[in-house]
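# Understanding the architecture of this molecule
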Amino acid sequence: MNASSQAGTSLLKNKVYMRVYSAFATATFGDWFDALAIQVLVGYRWQASPLMLALIPVSIALPGILLGSVAGVAADRLNKLKLMRMCDLLTALLTVLVLFAPSMVWLLPLLMLRAAISTLNVPAQQSMTRSLVREDQLLQATSLNGIVNQGSKIAGPLLGGFALSVLTPQWCILINACLRGCSYLLLLTVKNNEVGQVSSDQGKKEEQVPLRTMWKEGWSFMLRSRLLLNSMLFGLVGALAIQMIDFQFTSLFRIIAPAEESMLGWLVAATGVGAIFMIMVMNKMNRGTGYGWKLGTGYALIGVAVGGLGLLQPGVTSLPVLLLGFVLGLGNGMFMITFNYCLQKETPPHMTGRVFGIQSTILSGVMIGAPLLGGMLVQAAGPSRIFFNFGIVIALIGVLGIVFGRVLWPKEKEMTDSIVEQSVKVKVMET
């Protein structure tokens, strides 16, 4: 019997899911602790240039391009629980190596290897969630995952900022390695037979299908689904603009708050607060409302916040930074929860890993060119001007999503009929 069928109305009563969720929360918290430490180490201690800062997301993204869709196939075919355990253990070991990196020459390859492991972990975790919860619990599960992601933005930078005041960035990186080890130990408490017979039966069926066929089916399904394709393309366009400046926050804050290393941490924490607030609001909203206005509004709020940060002057106090961070979090929470819920809900369970693997490939492709171009623009024109200009661009993309929402995302009945039709086509291909 599937574990999700044993759960009550509340997802919190699903004990198997909650153990997997706890492991995910532990690992995610460590990742944010680690991310802040690396930015401070590279940006403030090593005084890396904007172009060198841009190489960090490029090194993280490259494995996603090469392995993303293949990792999605692996998540649908292999034992998801064993895959997640392996990823946590290897990530912990690589993180220990990261803390000994003496320069960017050593740091970038290690970050690339660690990102390669993450390309396997993300689709496996999403596919595992899909197999452990009921259809009516998907939004709740997506919201809980979002709360972890955003909550770690609050606690991670706050505790990380405190730790950085008394410890070196290397110690903060070590803490991430320890938390990854804890995530691995938590997953060891979950038994294979608790994941569910339905998932096992599906896995045996998928083992009979060649890997190349499964890979082609995943891409074919997404390209034939109007809703999923439009969602991916809209996310891609917005991500192109966002990734131009995403890793340049350190460059901006070195100008507006040169003596305040913790200011960047306060911004990230405020973003987390805004995102959690939005996630809680959205969890109470009508799930049947269209995707267009939510995704568009999310981008519009992000654009307003990014543009506002570009207007800040040197010596700025923490209040405007916190307010803009909160608005940024509102937009980020609205977009990411809607986007992930859309992919989860509109994809058949046996295709979930492949669809999220394709998402990883597409968004990783964005992170190759966009950060480098953004780094060159920031180096040439200065971070304030670039943040302001791209804030306007991101806000306009959001407005277009709102205006053309009904065209890009058809009504719910039409969407459901399309998904059912595509699922039938895929099953015919499998037979």
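Note that this is a predicted model, so its numbers are computed, not measured.

All right, on to the overall build of the chain then. In terms of helices and strands, the chain carries 18 helices and zero strands. Put simply, the chain has 431 residues, and 56% of those count as buried. Sequence-distant contacts, at least 24 apart, represent 88% of the contacts inside the chain between residues at least 6 apart.

So, on to helix H3 (residues 80-98). Over its 19 residues, H3 extends 26 Å from the first C-alpha to the last, a length consistent with the 27 Å expected when each residue adds 1.5 Å. Buried residues of H3: Lys 80, Leu 81, Leu 83, Met 84, Arg 85, Cys 87, Asp 88, Thr 91, Ala 92, Leu 94, Thr 95 and Val 98, and no others. The backbone nitrogen of Leu 81 lies 3.1 Å from a side-chain oxygen of the residue at the head of H3, namely Asn 79.

Moving on, we come to the confidence of the model for the chain. Detailed reading of the predicted coordinates is not advisable wherever pLDDT is low. Confidence along the chain averages 78 in pLDDT terms, with 79% of residues attaining 70 or more. Across the chain, element-level confidence peaks in helix H16 (residues 383-403) with a mean pLDDT of 94 and bottoms out in helix H18 (residues 412-430) with 46. Throughout residues 197-207 the model reports pLDDT below 50, and contacts reaching past four residues in sequence, or to other chains, amount to 13 contacts. Here residues 412-420 is a poorly scored stretch, pLDDT under 50, and it has eleven contacts once near neighbours within four places are set aside; other chains count.

For the structure shown, the criterion picks out two salt bridges. A salt bridge links Asp 31 to Arg 180; the nearest nitrogen and oxygen atoms lie 3.0 Å apart. Of the two residues, Asp 31 sits in helix H1 (residues 15-45) while Arg 180 sits in helix H6 (residues 169-188), which places them 149 residues apart along the sequence. A relative accessible area of 30% places Asp 31 in the partly exposed class. Between Asp 88 and Arg 180 there is a salt bridge whose closest N-O contact spans 2.6 Å. Here Asp 88 is found in helix H3, whereas its partner Arg 180 is found in helix H6, with 92 residues between them in sequence. Each member of the pair, Asp 88 as well as Arg 180, carries the same accessibility label: buried. Taken together, the salt bridges that share partners define one network made up of Asp 31, Asp 88 and Arg 180.

By the definition in use, this model includes seven aromatic pairs. For the ring pair Phe 234 and Trp 409, a centre distance of 5.3 Å and an interplane angle of 90° mean the geometry is edge-to-face. Of the two residues, Phe 234 sits in helix H10 (residues 226-245) while Trp 409 sits in the loop between helix H17 (405-408) and H18, which places them 175 residues apart along the sequence. As far as burial versus exposure is concerned, Phe 234 and Trp 409 are alike and both buried. Ring centres of Phe 335 and Phe 339 lie 5.5 Å apart, and the angle between their planes is 10°; on these two criteria the pair is classed as stacked.

It is worth spelling out the environment of Leu 264 at this point. Structurally, the position occupied by Leu 264 is in helix H12 (residues 263-283). The exposure class of Leu 264 is buried, given its relative accessible area of 4%. A C-alpha to C-alpha distance of 7.6 Å links Leu 264 and Phe 249, two positions 15 residues apart in sequence. Ignoring any residue separated from it by four or fewer positions in sequence, one finds Leu 264 in contact with Gln 39, Phe 249, Thr 250 and Phe 253.

Conventions used here
Residues numbered from 1 in each chain as written. Predicted model: local features only at pLDDT ≥ 70, side-chain atom pairs only at ≥ 80, totals over all residues. Heavy atoms only, no water. Helix = DSSP H or I, 4+ residues; strand = E, 2+ residues; numbered from the N terminus. Buried < 20%, exposed > 50% of the residue type's maximum accessible area, 1.4 Å probe, protein only. Contact = heavy atoms within 4.5 Å. Expected span 1.5 Å × (residues − 1). Polar contact = N/O pair within 3.5 Å; in protein donor to acceptor, adjacent residues only side chain to side chain. pLDDT = per-residue confidence, 0-100. Salt bridge = Lys/Arg side-chain N within 4 Å of Asp/Glu carboxyl O. Phe/Tyr/Trp six-rings, centres within 6.5 Å; stacked < 30°, edge-to-face > 60°.

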